[in-house]
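So you can see what is in the structure, the chains are spelled out below.
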Amino acid sequence: MPAATGGEADHATAAARAAGLVEPRTRLQAPRPRALALTLRTLGPLALLGGWALASATGVLTQDVLASPAQVAEAVGELWGNGQLADALTVSLTRAGLGLLIGATTGLVLGVVTGFFRLGEELLDSAIQVLRTVPFLALVPLFMVWFGITETAKVALIGVATSFPMYVSASGGVRTTDRKLIEAMRSFGLGRWAIVRTVVLPGALPALLSGLRLSMTLSVIALIAAEEINSTEGIGYLMAQAQNYSRTDILAVCILIYGLLGLTADGVVRLLERVLMPWRKVTQGATR
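Cut-off values and rules
Residues numbered from 1 in each chain as written. Predicted model: local features only at pLDDT ≥ 70, side-chain atom pairs only at ≥ 80, totals over all residues. Heavy atoms only, no water. Helix = DSSP H or I, 4+ residues; strand = E, 2+ residues; numbered from the N terminus. Buried < 20%, exposed > 50% of the residue type's maximum accessible area, 1.4 Å probe, protein only. Contact = heavy atoms within 4.5 Å. Areas by Shrake-Rupley, 256 points an atom, 1.4 Å probe, with all protein chains shown as cover. Axes fitted to C-alpha atoms, helices over the stretch in contact; angles between N-to-C directions. Left-handed = near helix turned anticlockwise from the far one by under 90°. Nonpolar A, V, L, I, M, F, W, Y, C, P; charged D, E, K, R; others polar. pLDDT = per-residue confidence, 0-100. Salt bridge = Lys/Arg side-chain N within 4 Å of Asp/Glu carboxyl O.

Looking now at the overall build of the protein. Scanning the protein for helices and strands turns up 13 helices and 0 strands. For the protein, the sequential pattern of α-helices and β-strands runs α-α-α-α-α-α-α-α-α-α-α-α-α. For the protein, buried positions account for 32% of its 288 residues. Once local pairs closer than 6 in sequence are excluded, the contacts in the protein between residues at least 24 apart make up 72%. In the form shown here, the protein has an accessible surface area of approximately 17,900 Å², with 66% of it arising from carbon and sulfur atoms.

Encoded structure:
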């Protein structure tokens, strides 16, 4: 079909306007400066902190209900000075890290097996789906019977909690891999595990990182539950001691630490997304 000349194009445009059709307009949004984006992100936490300080200064929040931000800062200095905070952080991060490593690895392997191999799906998926519906908190008494009041019970609880989000994401991501691409790789002589390593896992990377984000968030939630199992170390132990002595400042410190751990985990996954999927940042920036 011959291309329309300039006069024909103008005539077609005039006819479209006369018919009441609206000329489409492309809206391009300039990228937001990084400094401005960071400033906007900090406004919410600063507003919460300001409201907390104001409520404490006006007496709306008393110390027996919730300590003021200044008192919490003093508690941080106290705990860090005597070494309790550093020791508790080391123990809690070790528990969460080991549980996350075990759970995410297990979920990834099972997700690839059930998502890529038909036999694996038929044998394992239904059983895993049944186990996935069991709340991990319901396993606390059973783990105490199996492992006793040990670190193994705490790490195992975190591992169970973090395995299922990774399993669901990995299995779904693997299933969405282009089958034509897999058949093409097979025609070049690649084996199954080579295809998984070079084609399936890179193609499922967005789903895997989403599963990792959920697993890391759940590792913090499971850590809180795990450290309620008669802990003698860790952030949960600090909370139990603070509860016994009605130290709301130390309780607030521990709660804030749990929140910062979750925020840090999310930031780590965001950094991985930028490093492993740089094209995603460009695409998202173009659509905002």
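Read on, since the account is not over.
With respect to the secondary-structure elements, G50 resides in helix 2 (residues 34–57). Judged by its relative accessible area of 38%, G50 is partly exposed. Between the alpha carbons of G50 and P69 there is a distance of 9.2 Å; along the sequence they are 19 residues apart.

The next point concerns the packing of helix 5 (residues 118–132) against helix 7 (residues 151–175). Pairs of packed helices are described in terms of their axes, by the angle between the two and the distance that separates them. At a closest axis distance of 11 Å, the pairing of helix 5 and helix 7 adopts a crossing angle of 145°. Along this stretch, helix 5 crosses helix 7, giving a crossing that reads as left-handed. Across the interface between the two elements, E121, D125, I128, Q129, L131 and R132 from helix 5 touch F164, Y167, V168 and R175 from helix 7. Within the contact of helix 5 with helix 7, the residues separate by chemical class into 5 nonpolar, 1 polar and 4 charged.

On to the confidence of the model for the protein. Taken over all residues, the pLDDT of the protein has a mean of 81, while the share at 70 or more is 85%. The least confident element of the protein is helix 13 (residues 278–287), whose mean pLDDT is 54; the most confident is helix 4 (residues 84–116), at 91.

Across all of its chains, the model carries 8 salt bridges by this definition. Notably, a salt bridge pairs E78 with R247, separated by 3.2 Å at the nearest N-O pair. Taken together, the residues span a long stretch of sequence, with E78 in helix 3 (residues 69–81) and R247 in the loop between helix 11 (235–244) and helix 12 (248–276) at a distance of 169 residues. Assessed through its relative accessible area of 38%, E78 is described here as partly exposed. Residue classification places R247 among the partly exposed residues on the basis of a relative accessible area of 27%. The salt bridge partner of E121 is R175, with a shortest N-O separation of 3.3 Å. Here E121, found in helix 5, pairs with R175, found in helix 7; they are 54 residues apart in sequence, far enough to count as distant.

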